[in-house]
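Chain by chain, the residues:
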Amino acid sequence: MSNINWTEEVVKRKAELIEETQNFLRINSILDESSSADTQPFGTGIQEAMNFLLQKGEQYNFFVKDLNGYAGIIEYGEGEESVGILCHIDVVPVADGWTSEPFTAEIRDGRIYARGAIDNKGPTMAVFYALAIVKELDLPLSKRVRIIIGTDEESNWRCVDHYFKHEEMPTVGFAPDADFPIINAEKGITDVTFNWGQKETSNSTQVSLYLSRFQAGERFNMVPDKARAMISGEREQLEKVEERFRKFLLNNEHNGSAQVEDQLLILSYEGVAAHGSTPENGLNAGVYLAQFLSGTSFQKEANDYLEFIIQYSDFNGEALGIAAYDEVSGALSLNGGLFYFDESGEAKVGFNIRYPVTTSGEQCIEKLKQVALTNNAVFTVHDHMEPNYVNETHPLIQTLQAVYKRQVGEEPKLLAIGGGTYARSLDTGVAFGPMFPGREDVAHKKDEYIVIDDLLRMTAIYAEAIYELAKG
Ligand SMILES: [Zn+2]
């Protein structure tokens, strides 16, 4: 069977594949909870996209199932074991400024432009036709191939939660929702906070400068690009702080502003935003402002709070005692994403931590609890995703590498990332495509597109991968 020309099989179906991808992309499948109902929890658009796919599945005589609108199944093949392909049909909202309307799926310069073109409805259609090719070639399979249709990947993953509560975990699988060649290692990710509650104001120790507010960041997984502090005190004192602040900005060649109003000084620090997985690419406005403020004496709670930020915000988690590294996925990264302090003493520091695949997340959290204890803080884990790692010797990897090498002719390198892909929700799963190396990343952006040649190429790759993973 190794003489199948997968590319040729795709070319035979090229017109239909392109047209159906356009039709699929014309359905606006943005999460819309205002139209949610029992059988369509995520709204009319997502359900319409689901029905579109399941009806296609029926036309091809696949087994299909709608799990109450939370997820869908399209399955073909026989056997105990299954190969899961995890896709999603929900798309992120659209902003203004598109060259053509985002749900018209216009073709220009060999590309289909639409929201969802690359993330993830185009690749979902590629996977569908890949399975159709395997079926139409009447190839013997010893495993069931199951396309799992996710509906809430862009928001809360309620689709996979629901799916795995009611349905089997595939033996192996892949998600066509990141990059080619193969992402086999994704760091563990956790969001944690250290909190301090209100305190009786320590009026006994009179201070001349009082930190009444400190704030930076809105999300764990972003480097804060803005920080603000409000300081009260005598005007003369405030003006001195203001002057030192201007010098501090100048020395660091950073931007910011200071403003004295009556007995209040407002400081703003401008940093550079970056993704939480790469804190070293940003400039953390919260940490820098804390650093500046630590040169001033405030009430005790404020001094302690600022000291905490400065002491524990290094990118590697060294000070927190959680630094770790492995060959496969690199070093632990730490981002201070949320900072809040007010005059009642209520305070918070929120970290986004990404640890290597061979590190124990539990041990990491134990160490953080210790730090909380010694700093009289309340420690909370808000979110924790275990690492995802499939060893390079695993047959899943070997098979996908062989297919990629055969079809693309390039080295099927294994990638490790600090981000989280959909593949994580599989026990033994990797991200496999759909973005070819060197392609511009247009997911979530205006004028999102899929290159038609890539759509065809990935369909051929997925078809061979499905066959190789499930063959008799
Ligand atoms: Zn996606």
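Residues numbered from 1 in each chain as written. Predicted model: local features only at pLDDT ≥ 70, side-chain atom pairs only at ≥ 80, totals over all residues. Heavy atoms only, no water.

Peer 1: For this particular structure, what's the right way to read the coordination of the zinc ion?
Peer 2: Tetrahedral coordination by four donors sets the ideal angle at the metal to 109.5 degrees; octahedral coordination by six donors sets it to 90 or 180 degrees. Here the zinc ion is held by the protein donor atoms His88 (NE2), Asp119 (OD), Asp177 (OD) and Asp177 (OD), which lie 1.9 to 2.5 Å from it. The coordination sphere of the zinc ion comprises four donor atoms, whose angles at the metal cover 53 to 140°; the geometry is irregular. For Asp119, a relative accessible area of 9% gives the class buried. According to the relative accessible area criterion, Asp177 is buried, its value standing at 15%. (Donors = N, O, S within 2.8 Å, 3.2 Å for Na, K, Ca; no water. Tetrahedral: all angles 85-135°; square planar, octahedral: opposite > 155°, others 65-115°. Buried < 20%, exposed > 50% of the residue type's maximum accessible area, 1.4 Å probe, protein only.)

Peer 1: Would you explain the side chain of His254 in this entry?
Peer 2: By the secondary structure assignment, His254 is in the loop between helix 6 (235-252) and strand 13 (255-261). Contact partners of His254, with chain neighbours within four places excluded, come to Leu249, Tyr269, Leu283 and Tyr288. (Helix = DSSP H or I, 4+ residues; strand = E, 2+ residues; numbered from the N terminus. Contact = heavy atoms within 4.5 Å.)

Peer 1: Would you mind going over the layout of surface pockets with me for this structure?
Peer 2: The method is simple in principle: a probe with the dimensions of a water molecule rolls over the atoms, and the space it marks as empty is what remains. Approximately 1,600 Å³ is the volume attributed to the largest pocket. In terms of lining, the largest pocket is formed by 37 residues, of which the most central are Glu153, His275, Gly419, Gly420 and His444. Of all the secondary structure elements, the ones that give two or more residues to the lining of the largest pocket are strand 8 (178-179), strand 10 (188-196), strand 18 (347-355), strand 19 (378-385), strand 21 (414-417) and strand 23 (434-435). Per-element tally for the lining of the largest pocket: the top contributor is strand 10, with three residues. (1 Å grid on protein atoms, 1.4 Å probe; cavity = no way out; pocket = protein on both sides within 12 Å on 5 of 7 lines; lining within 4 Å. Points joined across faces, edges and corners; volume = space filled by probe spheres on them.)

Peer 1: Would you mind showing me how to read helix 7 (residues 285-293) here?
Peer 2: For the α-helix, the turn length of 3.6 residues means that residues three or four positions removed from each other point alike. Counted residue by residue, helix 7 has seven buried out of nine residues, so it is predominantly covered. Those residues of helix 7 not exposed but buried are Ala285, Gly286, Val287, Leu289, Ala290, Phe292 and Leu293. Looking at the buried residues of helix 7, the elements they touch are strand 11 (209-216), strand 12 (226-233), helix 6, strand 14 (264-270), helix 8 (300-312) and strand 17 (333-342). Structurally, the start of helix 7 carries an N-cap: the backbone nitrogen of Gly286 is 3.0 Å from a side-chain oxygen of Asn284. (Polar contact = N/O pair within 3.5 Å; in protein donor to acceptor, adjacent residues only side chain to side chain.)

Peer 1: Looking at this structure, I do not really get the packing of helix 2 (residues 14-25) against helix 4 (residues 121-136). What am I missing?
Peer 2: The geometry of helix 2 relative to helix 4 is characterised by a closest axis approach of 10 Å and an angle of 140° between their N-to-C directions. Judged by the inter-axis angle, helix 2 sits oblique to helix 4. Here the hand of the crossing between helix 2 and helix 4 comes out right-handed. Contact residues: Glu16, Leu17, Glu20, Thr21, Phe24 and Leu25 in helix 2; Lys121, Gly122, Thr124, Met125 and Tyr129 in helix 4. Partitioned by chemical class, the residues of the contact of helix 2 with helix 4 number five nonpolar, three polar and three charged. (Axes fitted to C-alpha atoms, helices over the stretch in contact; angles between N-to-C directions. Parallel < 35°, antiparallel > 145°, perpendicular 65-115°, else oblique. Left-handed = near helix turned anticlockwise from the far one by under 90°. Nonpolar A, V, L, I, M, F, W, Y, C, P; charged D, E, K, R; others polar.)

Peer 1: Would you mind going over the pairing of strand 17 with me for this structure?
Peer 2: Working note: regular strand, side chains alternate between the two faces of the sheet. Burial of strand 17 is extensive: nine of the 10 residues sit out of reach of the surface. Inspection of the sheet shows strand 11 paired to strand 17 by four bridges, in the antiparallel sense. Looking at the pairing, Arg213 lines up with Asp342 of strand 17. With eight bridges connecting them, strand 17 and strand 18 associate as antiparallel partners. Paired with Gly336 across the bridge in strand 18 is Phe351. (Pairing = 2+ DSSP bridges.)

Peer 1: Teacher, can you tell me more about empty space enclosed by the protein here?
Peer 2: In total, this model carries one cavity of 30 Å³ or more according to the counting rule given. The computed volume of the largest cavity comes to approximately 80 Å³. For the lining of the largest cavity, the elements supplying multiple residues, two or more each, are strand 23 and strand 24 (449-451). Counting residues per element, the lining of the largest cavity draws most heavily on strand 24, which supplies three residues. Each residue belonging to the lining of the largest cavity can be placed in one class, and the counts come to eight nonpolar, no polar and three charged.

Peer 1: Could you clarify how one ought to interpret the packing of aromatic side chains in this entry?
Peer 2: Any aromatic ring pair is given by two values, namely how distant the centres are and how the planes are angled relative to each other. For the coordinates displayed, the defined rule picks out 32 aromatic pairs. With a centroid separation of 6.1 Å and 15° between ring planes, the pair formed by Tyr60 and Phe62 is classed as stacked. By relative accessible area, Tyr60 is classed as buried at 14%. Using a relative accessible area of 6% as the deciding quantity, one classes Phe62 as buried. Ring geometry for Phe214 and Tyr305: centres 6.0 Å apart, planes at 70°, overall edge-to-face. Here Tyr305 lies in helix 8 and Phe214 lies in strand 11, a separation of 91 residues in the sequence. Each member of the pair, Phe214 as well as Tyr305, is classed as buried. Through pairs of rings, three or more aromatic residues link up here, namely Phe194, Trp196, Phe214, Tyr305, Phe308, Tyr312, Phe341, Phe351 and Phe379. Cation over ring: Arg108 sits above Tyr113, and NZ or CZ is 4.0 Å from the ring centre. Sitting over the face of the ring of Phe24, Lys121 holds its NZ or CZ atom 5.3 Å from the ring centroid. (Phe/Tyr/Trp six-rings, centres within 6.5 Å; stacked < 30°, edge-to-face > 60°. Lys NZ or Arg CZ within 6 Å of the ring centre and 35° of its normal.)

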